[in-house]
Amino acid sequence: KSTLDELDHAVLASVVDAFERARKDQRQILIIGNGGSAATAAHMACDLGKGTVDRGNPGFVRFRALSLTDNAALITALGNDLSFEDVFAEQLATVMIDGDVVVFISASGNSPNLVRAAEYARSRGAETVGLLGFGGGRLAEMVDHAVVVSSRNYGVSEDFHLIVQHVLTQYLRRALSGPPRRVAFVDRD
């Protein structure tokens, strides 16, 4: 509960706005992470890609969300032939278009492959989001929108990131299925 109490609602609202701009502009949302955060990246891409679709609206513009953690052959080839630090930056070089949104999910915020990917994404004008634990690490200073908790427990941080991704995707699903609304996250008793 104390970790959830740290959630900065203004930053969360800015992430919703970034995702919605990407959807409207038909930009991609590229999501990356290692270990448990890789699983959360895949889960987030699934929820954005499927769980937010308004099937009753034939003109609905879908989210173009993609997890870069899911191609084991490519990740291991890049890791073996180049280095593990390059596995995400190299994928971004292949699929990212200037202006896309890149989401970094990390308990520590210091994974060398995520830091290298963040450097690349920034050099190409991507809008960047971090779901980060351990106080944010290096990535907190490198991303445009940092959702950070102080917990130094991997399980707690990863649970928090999964909850945040569900809050984001559930909110977007509801917001997109009704009339346009201003993003607001309000504490309720």
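Here, the structure is the one placed above.
Definitions and cut-offs
Note on numbering: residues in each chain are counted from 1, in written sequence order. Selection of residues for local features in this predicted model requires a pLDDT of at least 70, selection of side-chain atom pairs for listing and counting requires 80 or more, and totals for whole chains, interfaces and linings are taken over all residues. The side-chain numbers reported here are obtained from all heavy atoms of the structure, hydrogens and water having been left aside. Secondary structure is summarised from DSSP: a helix means a run of H or I of at least four residues, a strand means a run of E of at least two, and numbering begins at the N terminus for each. The quantity called the radius of gyration is restricted to C-alpha atoms. Its globule counterpart is 2.2 Å times the number of residues to the power 0.38. Partly exposed residues are those whose accessible area sits between 20% and 50% of the maximum for their type, while under 20% is buried and over 50% is exposed, using a 1.4 Å probe and protein chains only. Counted as positive: Lys and Arg. Counted as negative: Asp and Glu. His and the chain ends are not counted at all. To locate a charge, take atom NZ for lysine, CZ for arginine, CG for aspartate or CD for glutamate. Two strands qualify as a pair provided DSSP detects at least 2 bridges between them. Here the nonpolar core consists of buried residues drawn from Ala, Val, Leu, Ile, Met, Phe, Trp, Tyr and Cys, with membership extended through side-chain atoms lying within 4.5 Å. Any two residues whose heavy atoms approach within 4.5 Å are treated as being in contact.

Participant: Which residues make up the overall build of the protein chain, and what are the values?
Facilitator: In terms of helices and strands, the protein chain carries 8 helices and 5 strands. In the protein chain, the succession of α and β elements from N to C terminus is α-α-β-α-β-α-α-β-α-β-α-β-α. Its C-alpha radius of gyration of 16 Å places the protein chain within 12% of the 16 Å reference for a compact globule of 189 residues. A burial count over the protein chain gives 48% of its 189 residues as buried. With 19 positive and 23 negative side-chain charges, the protein chain shows a spacing of 7 Å between the two charge centroids.

Participant: Got a sec to walk through the pairing of strand S5 (residues 145-148)? Specific residues and values, please.
Facilitator: Side chains His145 and Val147 of S5 all project onto a buried face; the interleaved residues Ala146 and Val148 project onto a face where none is buried. Bridge count for strand S4 (residues 127-132) against S5 is 4 bridges, and the pairing is parallel. What sits directly across from Val129, in S5, is His145.

Participant: Kindly report on the nonpolar core, identifying the contributing residues and their values.
Facilitator: Phe19, Ile29, Ile31 and Val103 are the most contacted members of the largest nonpolar core, which has 30 residues in total. Elements supplying a minimum of two residues to this core: helix H2 (9-24), strand S1 (28-33), helix H3 (36-50), strand S3 (101-106), S4 and helix H8 (154-176). The leading source of residues in this core is H8, at 7 residues. Ignoring sequence-local partners within four residues, the contact set of Ile29 consists of Phe19, Ala22, Leu48, Phe63, Arg64, Ala65, Leu66, Val101 and Val103.

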